Amino acid sequence: MLAFFIFLAVTPATGKPGDGLKTWGRFNRLPYPGDKAFLYNTFPKGFIWAVGTAAYPVEGAFAKDGKGLSIWDTFTRGGTRKTCGDVGSDSYHNVDADIRAIQQLGVSHYRFSLSWPRMFPNGTRGSYNELGTNYYRTLIKRLKKINVQPVVTLYHWDLPDHLQQTLGGWANPQLVDIFKDYADFCFQTFGDDVKFWVTIDNPFVVAQHGYGTGVVAPGVKNDPDLRFRVGHNLLKAHAAAWHIYDRHYRPRQQGKVSMALASHWIKPSRTRLESLQECQCSLDHVLGWFARPLFTDGDYPTCMKARLGSRLPSFTQEEKEWVKGTADFFALSHGATLSFQLINDSVKFDQHEDLDLRMLLYWIYAEYDKPAIFVVQSGWYVLGNTKTKDPKQMFYLKSFIAETLKSIIIDRVNVIGYTAWSLIDGYEWYREYGIRRGLYYVSFNTPDMKREPKTSAIFYKNVIQKNGFPELPENRPVQGVFPCDFAWGVSANSVQVETTPTQFADPHVYLWNVSNNGELIKLDGLIAPPLNRATHCADYASIRQQVDEIKQVGVSHFHFSLNWSAVVPTGDVANPNTTLLGYYRCFTRQLLQANVTPVVTLLHYTPKHSSLPAPLANTTNKWLSSEIPEAFANYARLCYRELGDYVKMWITLNEPNDKEVSYQEGHQMLLAHARAWHVYDLEFRHSQGGQVSLVLHMNWVEPAFSFSREDVEPAKRVLHFTISWFAEPIFGSGDYPLEMRSWLRQLNSLELPVFNEKDKKLVKGTYDFFAISHFSTDLVTHAKEDSYTYTARLEVQYMVDTTWIMSPRPVVPWGLRKALNWVKEHYGDVPVYVMANGVQEDPSRFKDSLRVYYLYNYINEALKAYILDGVNLKGYFVYALNDQRDPKFGLYGQVHEEVIVKASLPNYRNLIRHNGFPVQGAAPQQCPAAPQACWGCHVLVKGPMVGFLTLVGSGVLITLGLIIYYTSKRHKELY
């Protein structure tokens, strides 16, 4: 299979109202998880990269140079509001600083809004203010000087308060002609330098929340139907402005005019058609309310008319024709202003709100007949106390841009531009100064309102410079194969243990009705005499079943863990559980007979289950007890002696570097491992010829801001405290990392124990290979933000990239390659095994496409580490064998007693068969044949079989003896 997916972009036929309903079904059919994977590609040539602001949040100077009051100046001085936007970011006095910020970003366009009351203090041309107008002339002139094109909004919510007080604002139809005259002035005054005009921003918020809920200015909320009349007037005002431009200015100025429409996204709560229709209706009540009249037929959506009836105003036929088509492009506003804030349950219709910009773009494309879409506002926000490090904002921005790119490349939607919102922090409307949305941090408490670029600004600048996310060589799959002796394995935390043989378990006597239907009928009260023989390995049906399942995967190695407390229940190795040891002996022997090498862990540490024998587990100290290292060494000696003839790869401790382990417990574990290693080295290595090491849990840790040196150190710090903590004493110096001690010393902490010289020598070098378990990747930053997990001890913030596939941990294949390179960088050419690598997926998904994707791409990254980076990689083990023992991770699923082979199993087997990703057309890799098991090893391995002793009488066969059976669970394979 390929590491990427081929997408078929289907261009829909000419759209008609309701075609957007197909959106949810289309995206449900896209290949998962391939469609969710990050797309490395670039935007079309000439794509518009923009940044924007609105007048009221940033301009300030609310009463300067003749400006009149806006409805926001009045609104913020009433009710329970604590602050107002009189100063904002003071852009009126900081044109130079704003221009520098715009130039630094490298955008091609800057969207800003004109303050209507700054130019017309009472709202009409008769109150014209030359000084206010000159501010915008200067701004446009400065933009043109740096080759940035203005995108100008005529009305972004700041209506002259005089019009609200005297006429009732947008509730009055007279505003249509007043707005038309204001627009005419703007087109005439600035139009020679402006090619993109937005008449009105987000009319849904203006109508629904300005004149409905009262959440925003002017705060009117006493008439439940007023919002619909306001929306009606807003549409007419826009159409009037568009016609003025079309008739008088377009021929000379050659610009485009539209209305900025905002929308949420919505997903069905159920898969039924009714839920999809409710989603469609939800979008119609928000976006379609204004989009359908402009882009379709000049009338409101059918769903709105059906549900609102006479509450919704109506257009005459002449008005429909006049409104229809009055948009030269689809101006879309998306993000924090509306989504999850100003959308209430009344327009969700019991469906689920979501932030899927890509699906919204496609819905617009399908519903309104493929318009050119300009995203004129997009972004998120951070809390007001966040300064220049804004990881949340940056990753939301990355996600929205990535979704826009997929919309263009995969869905063939005609998106012509993207606008990050906003340029600078400001007064955020009804949220006041409680949030920040700027790419540039504004220090509101300083006289000059200094602008500083945030991390999101640096990120956006880089995206613009590259015109997207061009594919890098490291993003491409590599072709090649692993060495011939590469260990392909599968891991399981434990195996099914059967201490009573079941192969000869039924002593009953049966009647065989041979002359009729051949059924076996048990004769009650008759029992066959017991067998007088020793138990054989073939007596255990569970071993046969498990070994068969392992063989079917095609692996050469199988890794599982013993249970210390079960093997030595009393803690005294002189009195072990011989039955259990016998079972493990049979299990490992049967693996070898199937040409599968057993890899055995002595102790798999888990915080909830210590697996210590009762006498040690019942003490308050547990791992802190000084007796533990010696007790563990004795346990290891017992296992080496009893199983060492069959086991040549030993793991002393699996994942002891758990975050729940204290430094003191870790110290004892290191000593326990070292003693167990020396026991093997001194007493068993010569005769058994095996290897011993431990497995460290090693998820990769990446700086959240790869371009920030400040985040490199926190990432290194986390790796020191999670990996080097155990690795350095064993594979390095024999002591804990200096970085750990230095950091803890700064915190005045004496928690980290000290090795004496004797223990240093004991621990150092106690390995034969370096083994890791790796599942995912974390991002860390030194910047603290409330919405992510912050670890005070290490002073790092954990977070995830919102563009990553989640299940539930992030799926980040390149993290494995970086982890393997870290091992090489720190410990040279040490042999490395990936002892566990897997992903959690819904166990009911037997066609486990996420696991197929995961294994393919993680193994390919492992191959890159081997071929390109020279890592001495010796083996790879997938985790896990089955869901029964390791829920949600298995290659095998199970329904009741039926074992199901998931789709990932044959895919993994195919990779094993090819030993990686061979170059197409290349000669096959020549490897010596694997050694075959002896012929005698197959005795009593085949089954099932039945032995009979028969007595003939009266036409009936009476069958005595034992029925030897193996109940094989049915297997069903999914490709």
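Per chain, the residues get numbers from 1 upward, laid out in the order the sequence is written. Local features are withheld for residues below a pLDDT of 70 in this predicted model, meaning they are given only at 70 or higher, and side-chain atom pairs are given and counted only at 80 or more; totals for whole chains, interfaces and linings count all residues. Side-chain measures were taken over the full set of non-hydrogen atoms in the model, leaving aside hydrogen atoms and water.

Taking an unreviewed UniProt entry as the reference, the chain is identified by name as Klotho belonging to Oryzias sinensis. Reading the Subcellular location (unreviewed entry) entry of the UniProt record for the chain gives the comment "Cell membrane". UniProt positions are given in the numbering used here, feature names are shortened, and annotations may be inferred rather than shown by experiment. Under the heading Sequence similarities (unreviewed entry), UniProt records this for the chain: "Belongs to the glycosyl hydrolase 1 family. Klotho subfamily."

Attention shifts here to the pattern of salt bridges. Here, a salt bridge means any side-chain nitrogen of Lys or Arg that lies within 4 Å of a carboxyl oxygen of Asp or Glu. In the structure shown here, the tally under the stated rule is 55 salt bridges. Of the charged contacts, one joins Arg793 and Glu751 as a salt bridge, the two residues approaching to 2.5 Å between their closest N and O atoms. Of the two residues, Arg793 sits in the loop between strand E28 (789-791) and strand E29 (796-799) while Glu751 sits in the loop between helix H26 (738-746) and helix H27 (757-763), which places them 42 residues apart along the sequence. Judged by relative accessible area, Arg793 falls into the partly exposed class, the value being 33%. Each residue's exposure class comes from its accessible area (1.4 Å probe, protein chains only) as a fraction of the maximum for that residue type: buried when under 20%, exposed when over 50%, partly exposed otherwise. Residue classification places Glu751 among the partly exposed positions, given a relative accessible area of 33%. Residue Asp883 is joined to Lys902 by a salt bridge in which the shortest nitrogen-to-oxygen separation is 2.7 Å. Secondary structure elements follow DSSP: runs of H or I no shorter than four residues count as helices, runs of E no shorter than two count as strands, and numbering proceeds from the N terminus.

Now for the state of the cysteines. Cysteine sulfur atoms are paired as a disulfide whenever they come within 2.5 Å of each other. Taken as a whole and judged by the stated rule, the model has three disulfides. The residue that forms a disulfide with Cys281 is Cys303, at a sulfur-sulfur distance of 1.5 Å. Measuring handedness by torsion sign, the sulfur bridge of Cys281 and Cys303 sits at about -45° and is left-handed. Remark: Cys303 occurs in helix H13 (residues 302-308) and Cys281 occurs in helix H12 (residues 273-295); sequence separation between them is 22 residues.

Bringing the sheet that holds strand E8 (residues 330-335) into the picture now. Ordered by their spatial adjacency, eight strands build a closed barrel running E2-E3-E4-E5-E6-E8-E10-E12, and the pairing between neighbours is parallel. Averaged over all pairs of adjacent strands, the angle between their axes in this sheet comes to 25°, without regard to strand direction. Here the rule is simple: two strands pair whenever DSSP picks up at least two bridges between them. Inter-axis angles, ranging from 0 to 180 degrees, are taken between N-to-C directions of lines fitted to C-alpha atoms, where helices are fitted over the stretch in contact.

Bringing the packing of helix H6 (residues 130-145) against helix H8 (residues 175-190) into the picture now. Helix-helix packing is described using two parameters, namely the angle between the two axes and the distance between the axes. Here H6 crosses H8 at 45°, and the two axes come no closer than 11 Å. Our classification of the angle between H6 and H8 gives oblique. When you trace H6 past H8, the crossing you get is right-handed. Between H6, through Thr133, Tyr136, Arg137 and Ile140, and H8, the contact on the second element is made entirely by Phe185, Thr189 and Phe190. Roughly parallel covers angles under 35 degrees, roughly antiparallel covers those over 145, roughly perpendicular covers 65 to 115, and oblique covers all other angles. Two helices crossing with the near one rotated counterclockwise from the far one by less than a right angle form a left-handed crossing, whereas a clockwise rotation gives a right-handed crossing. Contacts between residues were defined by any pair of non-hydrogen atoms, one from each residue, lying within 4.5 Å.

Right, let's get into the nonpolar core. Take the buried Ala, Val, Leu, Ile, Met, Phe, Trp, Tyr and Cys residues and link them wherever side-chain atoms come within 4.5 Å; each set so joined is a nonpolar core. Residues Trp116, Trp170, Tyr460, Phe558 and Tyr908 are the most contacted members of the largest nonpolar core, which totals 287 residues. For this core, the element with the most residues is helix H10 (residues 226-248), which contributes 12 residues. When residues no more than four places from it in sequence are discounted, the contact partners of Trp116 are Gly123, Tyr155, Asp158, Leu159, Pro160, Leu163, Trp170, Leu175, Ile178, Phe179 and Tyr182.

Attention now goes to the sheet that holds strand E18 (residues 487-491). As summarised here, the arrangement of the eight strands in space is E18-E21-E22-E23-E24-E26-E32-E33, forming a closed barrel in which the pairing is parallel. Strand-to-strand twist across the sheet, computed as the mean angle between neighbouring axes with direction ignored, equals 25°. Relative to strand E32 (residues 832-837), strand E26 (residues 770-773) runs parallel, the two sharing four bridges. By the bridge assignment for E32, Phe770 is matched with Val832. Where helix H30 (residues 904-914) meets the sheet, its contacts fall on E18 and strand E33 (873-879), and the angle it forms with E18 comes to roughly 160°.

Here we come to the packing of aromatic side chains. The aromatic pairing rule takes the rings of Phe, Tyr and Trp, using the six-membered ring of Trp, and pairs them if the centres are within 6.5 Å, calling planes under 30 degrees apart stacked, those over 60 edge-to-face and the rest tilted. Under the counting rule described, the total for this entry stands at 86 aromatic pairs. A centroid spacing of 4.1 Å and a plane angle of 20° characterise the contact between Phe482 and Phe486, whose relative ring orientation is stacked. This pair shows no difference in class: Phe482 is buried, exactly as Phe486 is. When the centroid spacing of 5.7 Å and the interplanar angle of 90° are considered together, the rings of Tyr663 and Trp725 count as edge-to-face. Of this pair, Tyr663 sits in helix H23 (residues 663-683) while Trp725 is found in helix H25 (residues 709-731), placing the two residues 62 residues apart along the sequence. Under the relative-accessibility criterion, Tyr663 is labelled buried at 10%. Taken together through their ring pairs, the aromatic side chains of Tyr56, Trp72, Phe75, Trp157, Tyr427, Trp429, Tyr433 and Phe444 make up a single cluster. For a ring to carry a charge above it, either NZ of a lysine or CZ of an arginine must fall within 6 Å of the ring centroid while also lying within 35 degrees of the normal to the ring plane. The lysine or arginine in question, Arg26, covers the ring of Tyr362, its NZ or CZ lying 4.4 Å from the ring centre.

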